[in-house]
Amino acid sequence: MGYTDIYQSWKSDPEAYWLKQAEAIDWVEAPTKALFDRGDDIYEWFADAKVNTCYNAVDRHVEAGRGAQAAIIHDSPVTGIKQRITFSDLQARVSSLAGALRAKGVEKGDRVIIYMPMIPEALEAMLACTRIGAIHSVVFGGFSASELAVRIDDCTPKAIIAASCGIEPNRIVQYKPLLDGAIEQATHKPDFCVIFQREQEVAKLVEGRDVSWYAFQYGVEPAECVPVEGNHPAYILYTSGTTGAPKGVIRSTAGHLVSLNWTMKNIYNVDPGDVFWAASDVGWVVGHSYICYAPLIHGNTTVVFEGKPVGNPDAGTFWRVIAEHDVRSFFTAPTAIRAVKREDPDGELLKKYDLSRLRALYLAGERADPDTIHWAQKMLDKPVYDHWWQTETGFAIVANPVGIEALPVKVGSPTLPMPGYDIQILGEDGHPKPKGELGAIAIKLPLPPGTLPGLWNAEGRFRKSYLDTFPGYYETGDAGMIDEDGYLYIMARTDDVINVAGHRLSTGLMEEVLASHPDVAECAVLGAKDDLKGQVPIGFVCLTKGVDRPAEEITRECVALVRDRIGPVAAFKLAVVVDRLPKTRSGKILRRTMASIADGEEYKMPATIDDPAVLDEIAAALKTIGYPK
Ligand code: COA
Ligand code: AMP
């Protein structure tokens, strides 16, 4: 069957379609029913099943004779380490870690925060949690102590598993002081912390609270897989929203297994045993789905790469890893390809490696600009597939289903909706827009298995963020259009979320931080176009009356404040002082108009603007920091 038939077979009987896909999972008790309608637009999948994630990702492959196959290849140019961990090794390591967590009181339903860099132990910690039914929440290493504290207070973990450090270009990031600071700031205190000591940095343990990774596993009984209900949360992953508080996206166990397993062949076109590589980080959804869970569930080898695309030692690193480990499908963010292109525009480094076994490059996480796609197509001489999804969905909403049928690529479009997703472009009035017209991208409810059933501790916010605007639909937060052939084009966010180097960030959070500076009376943050990172944040601050210090001093403090409160990942390096912010007559700040000025784009004077002259002041301030570029 081709794509159209498969999509139609899903549409005509979604329940039968997903029950069929569920047969690829090993259940303790198989689901008798696919969809559970909980009323009021809340849905769950496979809720009456019993299953274990870790069993499906690890143990079942050992039992099926894949024990000697590499489950994880760790390639770390920043430390020089290359390591292969077989499915049998992984089973032993994960069951020992899970046993040690259980021995210290971690049980089904308890939360565990994981704060680790790109090392196999991060995946082992995730799998150990799911093995005993604990709910993990991985926090990206580039976030600050304050952001970690916010997550500790929201998900109230019984334990935190951290590494002693991460490694960034030219610096070791000591995790332990950040962890200690976060626990001090947080109201909730974990019972204990497990610290994985790395050679590059040995952290000092807090007596009575911290245990070391190996020592606490000594002599424990390895843990077996604990069956959990299909709707039991496998994990919580925090993502940026419009306000400063992050949203804790919940991922239910059974739908996660079924949907991710489906994608490995149908989208990424790999068979069990093939090597698959997603160059991202376990702190993001791409890392959850495609570094850890999907490849392992499907019996693939996953590559855990610790390093940057450039400078480790050069822009040929990606190609070396692909050739050396026989990667068949490769997934990364467009920004990483732009970084490589900038260093090696003619692909000289690429020519050093045999990439004949690579089948395709997959891009997601941010808009894939045509230049980047064309460059990668030309250099690799392979198909380049853009696909679109979000933390909330956990897998592609729109993609090219290459394992079913490679559809023609239209550069600029991630192609067509995957089974499970009925996409509509809606106007502000909630009515569908005609083909070719821009509108809000919405998905008809119910969403497919594997997508979020709700937000942790925040049902009201879940409804407000996703369900209230268009009754009967999930609001994606993206705007776009569908062409005559049904291809979707993603044009912009409809909220204040920006995307910096493939990282989703909230300008609202940055504004909250800037507003906390004692000399700042009012502020606005927007995302300006950037050749490498896609977007970068720029902050505009109005000073409190009577403040008489040099503007540069204050903007320097603002930059330091954001780095301290949110973390280096915010990449907040540009702030300017202005007298006034452009507003509508009702007082709404005109951020989009400001962004158009920063990008050097034509803009329409907003009809409701209070004082058009303020826009000239904004343009003059932007000029002082080199914008538009
Ligand atoms: N721990 C601690 N700090 C981190 C970090 C981590 N895990 N990840 C990034 N940072 C820091 C960086 O060191 C940098 O700090 P600096 O301001 O001192 O230089 C800052 O956060 C910004 O990082 P980043 O935006 O990644 O910029 P960069 O200049 O270090 O690298 C790229 C640029 C394009 C090479 C890099 O962003 C990249 O490879 N991106 C791939 C995107 C990706 O994987 N996205 C995931 C979603 S698919
Ligand atoms: P995240 O939840 O971090 O994965 O970010 C999801 C958001 O990133 C989406 O809502 C989009 O705004 C953007 N995004 C992800 N993939 C793409 C893509 N292929 N094209 C355009 N934007 C994308």
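Residues numbered from 1 in each chain as written. Chains lettered and ligands numbered in written order. Predicted model: local features only at pLDDT ≥ 70, side-chain atom pairs only at ≥ 80, totals over all residues. Heavy atoms only, no water.

The name given to the chain in an unreviewed UniProt entry is Propionyl-CoA synthetase, with the source organism recorded as Pelagivirga sediminicola. Of the comments in the UniProt record for the chain, the one headed Sequence similarities (unreviewed entry) reads "Belongs to the ATP-dependent AMP-binding enzyme family." (UniProt positions renumbered as here; feature names shortened; annotations may be inferred.)

A few words on the overall build of the chain. Along the backbone of the chain there are 17 helices and 31 strands. Its C-alpha atoms give the chain a radius of gyration of 24 Å, near enough to 25 Å, the size a compact globule of 629 residues would have. Projected onto its principal axes, the C-alpha coordinates of the chain cover approximately 70 × 60 × 55 Å. Counting only residues that meet the buried cut, the chain has 61% of its 629 residues in that class. Considering only intrachain contacts with a sequence separation of at least 6, the fraction spanning at least 24 residues in the chain is 70%. On the chain, roughly 24,100 Å² of surface is accessible, and the fraction owed to carbon and sulfur atoms is 50%. Positive and negative side-chain charges in the chain, numbering 65 and 84 respectively, have mean positions lying 1 Å apart. (Helix = DSSP H or I, 4+ residues; strand = E, 2+ residues; numbered from the N terminus. Rg over C-alpha atoms; globule rule 2.2 N^0.38 Å. Buried < 20%, exposed > 50% of the residue type's maximum accessible area, 1.4 Å probe, protein only. Contact = heavy atoms within 4.5 Å. Areas by Shrake-Rupley, 256 points an atom, 1.4 Å probe, with all protein chains shown as cover. Lys, Arg positive; Asp, Glu negative; His and termini not counted. Charge placed at Lys NZ, Arg CZ, Asp CG, Glu CD.)

Here, UniProt's "domain: AMP-binding enzyme C-terminal" (unreviewed entry) annotation points to residues 510-588. Secondary structure within residues 510-588 divides into 27% helix and 32% strand; the distance between the first and last C-alpha atoms comes to 17 Å.

We now examine the sheet that holds strand S16 (residues 275-279). In space, the seven strands of this open sheet follow the order S5-S4-S17-S16-S18-S19-S20, with mixed pairing throughout. A single partner strand is all that each edge strand has here, and the edge strands are strand S5 (81-86) and strand S20 (384-386). If you compare each strand with its neighbour and ignore which way they point, the axes differ by 20° on average. When strand S19 (residues 360-363) meets S20, the two strands line up parallel, connected through three bridges. Opposite leucine 361, over in S20, you have valine 384 as the bridge partner. Of the strands in this sheet, strand S4 (70-76), S5, S16, strand S17 (301-305) and strand S18 (327-332) are in contact with helix H10 (residues 317-325), which crosses S18 at around 150°. (Pairing = 2+ DSSP bridges. Axes fitted to C-alpha atoms, helices over the stretch in contact; angles between N-to-C directions.)

A few words now on the packing of aromatic side chains. For the structure on display, the rule yields 31 aromatic pairs. Here tyrosine 466 and tyrosine 474 contribute two aromatic rings whose centre-to-centre distance is 5.2 Å and whose plane-to-plane angle is 15°, an arrangement assigned as stacked. A connected cluster of aromatic rings, assembled from ring pairs, spans Tyr268, Phe276, Tyr290, Phe331, Tyr362, Tyr385 and Trp389. Over the ring of tyrosine 487 we find lysine 410, and its NZ or CZ is 4.6 Å from the ring centre. Seen from the ring of tyrosine 473, lysine 444 lies directly overhead, with NZ or CZ sitting 5.9 Å from the centre. (Phe/Tyr/Trp six-rings, centres within 6.5 Å; stacked < 30°, edge-to-face > 60°. Lys NZ or Arg CZ within 6 Å of the ring centre and 35° of its normal.)

It is worth spelling out the site of ligand 1 at this point. Around ligand 1, the structure places 22 residues, and the nearest of them are Glu168, Arg171, Lys533, Arg563 and Lys573. With respect to ligand 1, the backbone of glycine 141 contributes an N or O atom lying 3.4 Å from a nitrogen atom. Between ligand 1 and the protein, one listed contact pairs an oxygen atom with a side-chain N or O atom of glutamate 168 at 2.5 Å. With the chains in place, 84% of the 930 Å² that ligand 1 exposes on its own is no longer accessible. (Near = heavy atom within 4 Å. Polar contact = N/O pair within 3.5 Å; in protein donor to acceptor, adjacent residues only side chain to side chain.)

Quick look at the site of ligand 2 now. With respect to spatial proximity, 15 residues lie near ligand 2, and among them His387, Thr391, Asp478, Arg493 and Arg504 are the closest. The side chain of threonine 391 places a nitrogen or oxygen atom 2.5 Å from an oxygen atom of ligand 2. Between ligand 2 and the protein, one listed contact pairs an oxygen atom with a side-chain N or O atom of aspartate 478 at 2.5 Å. Contact with the protein chains hides 92% of the accessible area of ligand 2, taken as 490 Å² for the molecule alone. Considering only residue class, the shell around ligand 2 consists of four nonpolar, five polar and six charged. (Nonpolar A, V, L, I, M, F, W, Y, C, P; charged D, E, K, R; others polar.)

The next subject is the side chain of threonine 335. For threonine 335, the location among the structural elements is in helix H11 (residues 334-343). The class of threonine 335 is buried, set by a relative accessible area of 9%. What threonine 335 contacts, discounting residues up to four positions off in sequence, is Glu366, Ala501, Gly502, Leu532 and Lys533.

Bringing the pairing of strand S24 (residues 439-444) into the picture now. The buried fraction of S24 amounts to five of the six residues, a majority that puts the element mostly inside the structure. Across four bridges, the pairing between strand S23 (residues 423-426) and S24 is antiparallel. Across the sheet, glutamine 424 pairs through a bridge with alanine 442, a residue of S24. As defined by bridge partners, S24 adjoins strand S25 (residues 473-482) across five bridges and the pair is classed as antiparallel. Residue pairing across strands places lysine 444 opposite tyrosine 473, the latter belonging to S25.

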